[in-house]
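# Fold and contact review
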Amino acid sequence: TQTTRPQRLLAAVQKNATRGDPRSVVKAIDQFCRQKEWAMNVGDEKGCILDSVVTEVNPATVLELGTYCAYSTVRIASLLPPHAKLITLEFNPHNAAIARQVIAWAGLGDKIQLVEGASGDWIPKMKEKFAIETFDLVFLDHWKDRYLPDTKLMEECGLLRKGSILLADNVICPGTPDYLEYIRNSPRYKSQYFRSHLEYTKVEDGLEKSVFLG
Ligand SMILES: Nc1ncnc2c1ncn2CCCCCNC(=O)c1cc(-c2ccc(F)cc2)cc(O)c1O
Ligand SMILES: [Mg+2]
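Anyway, here's the lowdown on the structure attached to this text. (Residues numbered from 1 in each chain as written. Chains lettered and ligands numbered in written order. Predicted model: local features only at pLDDT ≥ 70, side-chain atom pairs only at ≥ 80, totals over all residues. Heavy atoms only, no water.)

## Structural notes on the sheet that holds strand S3 (residues 112–116)
- The strand order S3-S2-S1-S4-S5-S7-S6 describes an open sheet built from 7 strands, whose pairing is mixed. A strand with exactly one partner marks an edge of an open sheet, and here the two such strands are S3 and strand S6 (189–197). Sheet twist, expressed as the mean angle between neighbouring strand axes with direction ignored, is 15°.
- Set on the sheet, helix H5 (residues 93–106) makes contact with strand S2 (85–90) and S3; between it and S3 the angle comes to about 170°. (Pairing = 2+ DSSP bridges. Helix = DSSP H or I, 4+ residues; strand = E, 2+ residues; numbered from the N terminus. Axes fitted to C-alpha atoms, helices over the stretch in contact; angles between N-to-C directions. Contact = heavy atoms within 4.5 Å.)

## A look at the packing of helix H1 (residues 5–16) against helix H2 (residues 22–35)
- Two elements in contact, H1 and H2, have axes separated by 9 Å at closest approach and are oriented at 130°. Comparing the axis directions of H1 and H2 gives the class oblique. Pair H1 / H2 crosses with right-handed handedness. Residues Arg8, Leu9, Ala12, Val13 and Asn16 of H1 form the contact with H2, whose own contacting residues are Val25, Ala28, Ile29, Phe32 and Cys33.
- Residue classes in the contact of H1 with H2 are distributed as 8 nonpolar, 1 polar and 1 charged. (Parallel < 35°, antiparallel > 145°, perpendicular 65-115°, else oblique. Left-handed = near helix turned anticlockwise from the far one by under 90°. Nonpolar A, V, L, I, M, F, W, Y, C, P; charged D, E, K, R; others polar.)

## Topic: H1
- Here H1 contains 12 residues, and its C-alpha end-to-end distance of 16 Å stays within 8% of the 16 Å for a straight helix at 1.5 Å per residue.
- Within the sequence span of H1, burial applies to Pro6, Leu9, Leu10, Ala12 and Val13. The buried residues of H1 occupy an angular sector of 155° when projected down its axis, which confines them to one face.
- Considering only its buried residues, H1 is in contact with H2 and H5. (Expected span 1.5 Å × (residues − 1). Buried < 20%, exposed > 50% of the residue type's maximum accessible area, 1.4 Å probe, protein only. Arc of directions from axis to C-beta.)

## Some words on the side chain of serine 196
- Considering the arrangement of structural elements, one finds serine 196 in strand S6.
- Setting aside anything within four residues of it in sequence, one finds serine 196 in contact with Glu45, Lys46, Ile49, Val203, Glu204, Asp205 and Gly206.

## A short note on H2
- Over its 14 residues, H2 extends 20 Å from the first C-alpha to the last, a length consistent with the 20 Å expected when each residue adds 1.5 Å.
- The set of residues buried in H2 consists of Pro22, Ser24, Val25, Val26, Ala28, Ile29, Asp30, Phe32 and Cys33.
- The secondary structure elements touched by the buried residues of H2 are H1, helix H3 (43–57), helix H4 (71–77) and H5.
- For H2, the capping residue at the N-terminal end is aspartate 21, with a side-chain oxygen 3.2 Å from the backbone nitrogen of arginine 23. (Polar contact = N/O pair within 3.5 Å; in protein donor to acceptor, adjacent residues only side chain to side chain.)

## Thoughts on the site of ligand 1
- Taken together, 19 residues sit near ligand 1, with Gly117, Ser119, Asp141, Asn170 and Glu199 positioned nearest.
- Backbone polar atom of phenylalanine 91 to a nitrogen atom of ligand 1: 2.9 Å apart, as the coordinates give it.
- If ligand 1 stood free it would expose 700 Å²; the protein chains cover 78% of that surface. (Near = heavy atom within 4 Å. Areas by Shrake-Rupley, 256 points an atom, 1.4 Å probe, with all protein chains shown as cover.)

## Quick look at the packing of H2 against H5
- Two elements in contact, H2 and H5, have axes separated by 8 Å at closest approach and are oriented at 135°. When the interaxial angle is binned, H2 and H5 end up oblique. Here Pro22, Val25 and Ile29 of H2 come into contact with H5, specifically with Val102, Trp105 and Ala106.
- Looking at side-chain class alone, the contact of H2 with H5 contains 6 nonpolar, no polar and no charged residues.

In structure tokens form, the structure reads like this:
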């Protein structure tokens, strides 16, 4: 029977990456996406910007919205300090199952908690279910029309503190116009646009980094 793209991506990781070596997992996925099949990972170009933000923030708590095949999950977690925790939400059970295996191959299972479900359902439960006070860094990479409502939800649930960083993928392509409008005009955020390209293409895209001012 026909395999899915996430299954083929996982096979490429298991074939070309070294177990327990997160950077080789990242490299294997980028190679697969450049040489075989495009997939909606943040990719190597935007990934370098992601790396620089993670390194600068040096977060103890990270929330990722939209795991897909765990490319950015592994990329972020490989840069975290020893006791830091990354919670990643994935809506699609098939993608979650693939992501778990990519995370295991990278050897990052003790830093990453993958939760299956919709962001809107889980954000209000974060504090009680995961003993989280606030997130130092949030990486938004899920449904583009959920960036704004989920940001407002995180504010309402007290999950952001003065200095929390939001980093949003795809603000140009596919685009998140309502989120950009809100975050760039709100007195509660200081935003910066990092111009780049849609993963593995020459199409313009970028990341929007926003600091919550409290
Ligand atoms: N926990 C949760 N809660 C809510 N939604 C949740 C979720 N967990 C998952 N999802 C559902 C996310 C589905 C994937 C989101 N990402 C995207 O849709 C995406 C699309 C492109 C793209 C660009 C140009 C094209 F021509 C085609 C596609 C590129 C990207 O970098 C993208 O991140
Ligand atoms: Mg994306």
